[in-house]
Amino acid sequence: MALQGSEEIQEQLAETEDVGDEDVRISPAEEIMLPVGAGTEEDTDPLLLPWDRFSAWLHCICVVGFDLELGQAVEVIYPHHSKLSEKEKTSICYLSFPDSNSGCLGDTQFCFRFRQASARKSSLGCFLDQFDRDAPVCLKRDHGHYYGYVYFRQVRDKSLKRGYFQKSLVLISKLPYVTFFHSLLKLIAPEYFEKQEPCLEAACNDIERWPMPYPGRNLCLPVMGTVMKVRIPTCYDKPGTSQMVQSTQADNLVSIVLPSIHEVDLFRCFHPVFFHIQMLWELVLLGEALVVMAPSPAESSDTVLALVSCISPLRYCSDFRPYFTIHDSEFKEYTTRTQAPPSVVLGVTNPFFAKTLQHWPHIIRIGDMKQAGDTVKQMKVKKLKNLKTLDSKPGVYSAYKPFLNKDEDIIKQLQKGVQQKRPSAAQNAILRRYFLELTQSFIIPLERYVASLMPLQKSICPWKSPPLLRPFLQEEFMKTLEKAGPQLTSRLKGDWIGLYKQFLRCPNFDGWFRNRKREMMQKLEALHLEALCEEDLQVRVRQHTEVEAVDLVLKLKDKLMQAEREQLPVKPGTISKLQTHIDSVILALPEDLQGILHKPSTP
């Protein structure tokens, strides 16, 4: 392979984290310890309301059927109190059925993603924030969209006018746990099609008794007489490693152990076009407009999910639709020719899109996915003018010229695996590791430069506002690449500078940098708080007037509330120490002021 081992990459990451004396800059990439109690606290919180546990996993379960007069229609929503707008119901109806040309007989599973019509308040706000804080960026809740996980059944039925029984069971969730929810559907859907609604009611009641989805814990989830065991990854896990679900004495009750809750089989998805995987990585990294044309929603959704996950641990920050139809509310917005195609990855199956999206710059045509053991002939990237219909040959249609030279080693390694009938799981692991190392090689120089934007630790004064970060300057960053660029961890040659320049203009950089900036600001606030805790506040109070002492108490209370609200990464004991300081300052004031200041602040 053209990349060095992950050990060297980890060494490079470690270099950005070294902190020496006071004059050394504070690294934002330093390891943050899990909050005290995380992973051990029991789900016995009295603040939890009925159906809160269910809502932490799912928004609702829908049954979508086909009516000869109405077409697709939502027949049932569980729990019955769940709310969906008419626009959301319409989206679910059209996205829950394959296009008629797909010819999906039997059972089919796929997923879709659609915009949330309006913001909804949740009684789980503080819990959801905690889940998101500890989750990897790719597994955080999607605040603006819902995921729909579909189990569609179509079988011949002569007793029906249409001649076919067609129905979908759909799980609606904010969580991108695609593997987990597809596994859950395999347990619930067959039972539902046999026993109907009582089965759904039982499943919802089972889910309502589940523990909350805390990252880092081994969770046993009983449903329909089966126990699933999973572990939700955390942002503290080492990238590229799979934390095994721990075994316990009670595992004789466990029926299913899922090694991953979200990963799709990259090799199976990219198998038809694996000669172009490096170019596809670049297109996704740069947020280019991409459309995947596939014969079925299952292949369409899997390929789109594989594409957006290939730049992990970077988060894909643009829109993506694993399955997109002509009835989608964003159809006109995404297919207009009056402006450049948006930064989005679409998965489609309707032949109409071959004409409608002909102006898009990058099109991936997926044929029927072969078994991972079948050989694939090498294909050149085809010109877009050759794509006339969805019946065109499989391949990548684009005029894009990659910035990096093609990595022949990974292609040979995968080809050799096909010839030697290497297990698909092993091929998938090789490809996932390749993408991880390529992305890490690309992101390490950015991490190193951003770490240098942090002010010196000695510049933090407890009696002044925390210092500001230095601005990100493109020219300054580019100069660092000569000595500390990706060449330190990757043997790939090419126009790395051009790739970085393009990346700095795309939504993926904007999303990544905003996240890193927020983390660094929180780190500065935490260090400022810790510096305050080391001061003798009694001496400070004696040197100032009563009014100034009251002002100090109010400001310290605000800092305390901020620390708890934003879950600042402070050292253990800092919060309680600051509270003790506040209490001691208040006790030194007259009694009338003590009564006022001991009242809790309004958020």
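Here's what I pulled together on the structure shown here. (Residues numbered from 1 in each chain as written. Predicted model: local features only at pLDDT ≥ 70, side-chain atom pairs only at ≥ 80, totals over all residues. Heavy atoms only, no water.)

## Side note on the overall build of the chain
Each helix and strand counted, the chain has 20 helices and 13 strands in total. By the burial criterion, 52% of the 603 residues in the chain qualify as buried. When the accessible area of the chain is evaluated, it comes to approximately 28,900 Å², of which 52% is carbon and sulfur surface. (Helix = DSSP H or I, 4+ residues; strand = E, 2+ residues; numbered from the N terminus. Buried < 20%, exposed > 50% of the residue type's maximum accessible area, 1.4 Å probe, protein only. Areas by Shrake-Rupley, 256 points an atom, 1.4 Å probe, with all protein chains shown as cover.)

## Let's talk about the packing of aromatic side chains
Within this structure, the stated rule accounts for 39 aromatic pairs. Ring centres of Phe-112 and Phe-114 lie 5.8 Å apart, and the angle between their planes is 40°; this geometry places the pair in the tilted category. Using a relative accessible area of 0% as the deciding quantity, one classes Phe-112 as buried. Taking the centre distance of 6.0 Å and the plane angle of 85° together, the rings of Phe-165 and Phe-193 count as edge-to-face. Here Phe-165, found in strand β5 (residues 164-173), pairs with Phe-193, found in helix α5 (residues 178-195); they are 28 residues apart in sequence, far enough to count as distant. By way of ring pairs, the aromatic residues Trp-281, Phe-442, Tyr-449, Phe-472, Phe-477, Tyr-500, Phe-503, Phe-509, Trp-512 and Phe-513 are connected into one cluster. The ring of Phe-320 has Arg-113 sitting right over it, with the charged end atom 4.1 Å from the ring centre. A cation sits over an aromatic face here: Lys-174 above Tyr-146, 4.5 Å from the ring centre. (Phe/Tyr/Trp six-rings, centres within 6.5 Å; stacked < 30°, edge-to-face > 60°. Lys NZ or Arg CZ within 6 Å of the ring centre and 35° of its normal.)

## Remarks on the pairing of strand β1 (residues 60-67)
Burial analysis of β1 places six of its eight residues in the buried class, which makes it a mostly covered element. Relative to β5, β1 runs antiparallel, the two sharing six bridges. In the sheet register, Val-63 faces β5, and the bridge partner there is Leu-169. Relative to strand β2 (residues 71-78), β1 runs antiparallel, the two being bridged by seven bridges. Across the sheet, residue Cys-62 finds its bridge partner in β2, namely Ile-77. Between β1 and β2, which pair antiparallel in sequence order, lie three residues. (Pairing = 2+ DSSP bridges.)

## Concerning unusual backbone geometry
For the bond from Tyr-78 to Pro-79, the omega torsion is -15°, close enough to zero to count as cis. Note that the residue after Ser-312, namely Pro-313, is joined by a cis bond; omega there is 15°. Looking at where Pro-313 falls in the secondary structure, it is placed in the loop between α9 (297-309) and β10 (319-321). The phi dihedral of Gln-196 falls on the positive side, at around 65°, and the residue is not glycine. Examined against the element boundaries, Gln-196 turns out to sit in the loop between α5 and α6 (197-208). For Lys-421, which is not a glycine, the phi torsion comes out positive at approximately 55°. Along the chain, Lys-421 falls in the loop between α12 (408-419) and α13 (424-451).

## Here we look at the packing of α5 against α6
Look at α5 against α6: their axes get within 7 Å of each other, and the N-to-C directions meet at 150°. The angle between α5 and α6 falls in the class roughly antiparallel. Between α5 and α6, the contacting residues are Leu-184, Ile-188, Glu-191, Tyr-192 and Lys-195 on the first element and Glu-197, Pro-198, Cys-199, Leu-200, Ala-203 and Ile-207 on the second. In terms of residue class, the contact of α5 with α6 is made up of eight nonpolar, no polar and three charged. (Axes fitted to C-alpha atoms, helices over the stretch in contact; angles between N-to-C directions. Parallel < 35°, antiparallel > 145°, perpendicular 65-115°, else oblique. Contact = heavy atoms within 4.5 Å. Nonpolar A, V, L, I, M, F, W, Y, C, P; charged D, E, K, R; others polar.)

## A look at the side chain of Lys-174
Here Lys-174 is to be found in the loop between β5 and α5. No salt bridge forms around the buried Lys-174; measuring N to O, its nearest opposite-charge neighbour Asp-142 is 5.8 Å away. Only 2.9 Å separates the side chain of Lys-174 from the backbone oxygen of His-143, close enough to count as a polar contact. (Lys, Arg positive; Asp, Glu negative; His and termini not counted. Salt bridge = Lys/Arg side-chain N within 4 Å of Asp/Glu carboxyl O. Polar contact = N/O pair within 3.5 Å; in protein donor to acceptor, adjacent residues only side chain to side chain.)

## Here we look at the sheet that holds β2
If you walk across this open sheet you meet the five strands as β2-β1-β5-β4-β3, and the pairing is antiparallel. Looking at which strands have only one partner, the edges of the open sheet turn out to be β2 and β3 (106-115). On average, each strand axis in the sheet is tilted by 25° relative to the strand beside it, whichever way the strands run. Contacting β1, β3, β4 (145-156) and β5, α5 crosses the sheet at an angle of about 40° to β4. Sheet strands in contact with α6 are β1, β2 and β5, and its direction is about 50° off that of β2.

## A few points about the sheet that holds strand β9 (residues 290-293)
Spatial strand order, β10-β11-β9-β12-β13: five strands in an open sheet with mixed pairing. At either margin of the open sheet sits one strand with a lone partner, and together these are β10 and β13 (395-398). Each adjacent strand pair in this sheet contributes to an overall mean axis angle of 15°, direction not counted. Relative to strand β11 (residues 344-348), α9 is tilted by about 160°, and along the sheet it contacts β9, β10, β11 and β12 (362-365).

## Re the state of the cysteines
What the rule picks out here adds up to zero disulfides. A disulfide-free cysteine, Cys-60 has its sulfur positioned 3.8 Å from the sulfur of Cys-62, the nearest such atom. In this structure Cys-60 comes out as buried when scored by relative accessible area, which is 0%. (Disulfide = S-S within 2.5 Å.)

## A short note on α6
The terminal C-alpha atoms of α6, which comprises 12 residues, lie 17 Å apart, in line with the 16 Å expected from a rise of 1.5 Å per residue. Where α6 is concerned, the buried positions are Cys-199, Leu-200, Ala-203, Cys-204, Asp-206, Ile-207 and Glu-208. The inward-facing, buried residues of α6 contact α2 (52-57), β1, β2, β5, α5 and β6 (218-223). (Expected span 1.5 Å × (residues − 1).)

## Focus on α9
Over its 13 residues, α9 runs 18 Å from end to end, which matches the ideal 18 Å to within 8%, given 1.5 Å per residue. α9 sits mainly inside the fold: 12 of its 13 residues count as buried. When we look at burial in α9, the residues that qualify are Pro-297, Ala-298, Glu-299, Ser-300, Ser-301, Asp-302, Thr-303, Val-304, Leu-305, Ala-306, Leu-307 and Val-308.

## Some thoughts on the packing of α12 against α13
Packed helices, taken two at a time, are described by the angle between their axes plus the distance between the axes. For the pair α12 and α13, interaxial distance at closest approach is 10 Å and the crossing angle is 170°. Judged on the interaxial angle alone, α13 and α12 are roughly antiparallel. Seen from α12, the contacting residues are Ile-410, Gln-413, Leu-414, Gly-417 and Val-418; seen from α13, they are Gln-427, Ile-430, Leu-431 and Tyr-434. Residues that form the contact of α12 with α13 fall into these classes: six nonpolar, three polar and no charged.

## Observations regarding the pattern of salt bridges
Across all of its chains, the model carries 24 salt bridges by this definition. The salt bridge involving Lys-167 is made with Glu-75; its shortest N-O contact spans 3.0 Å. Placement of Lys-167 in strand β5 and of Glu-75 in strand β2 is noted, with a sequence separation of 92 residues between them. The buried category is assigned to Lys-167, whose relative accessible area is 14%. Taking relative accessible area as the criterion, Glu-75 reaches 42% and is therefore assigned partly exposed.

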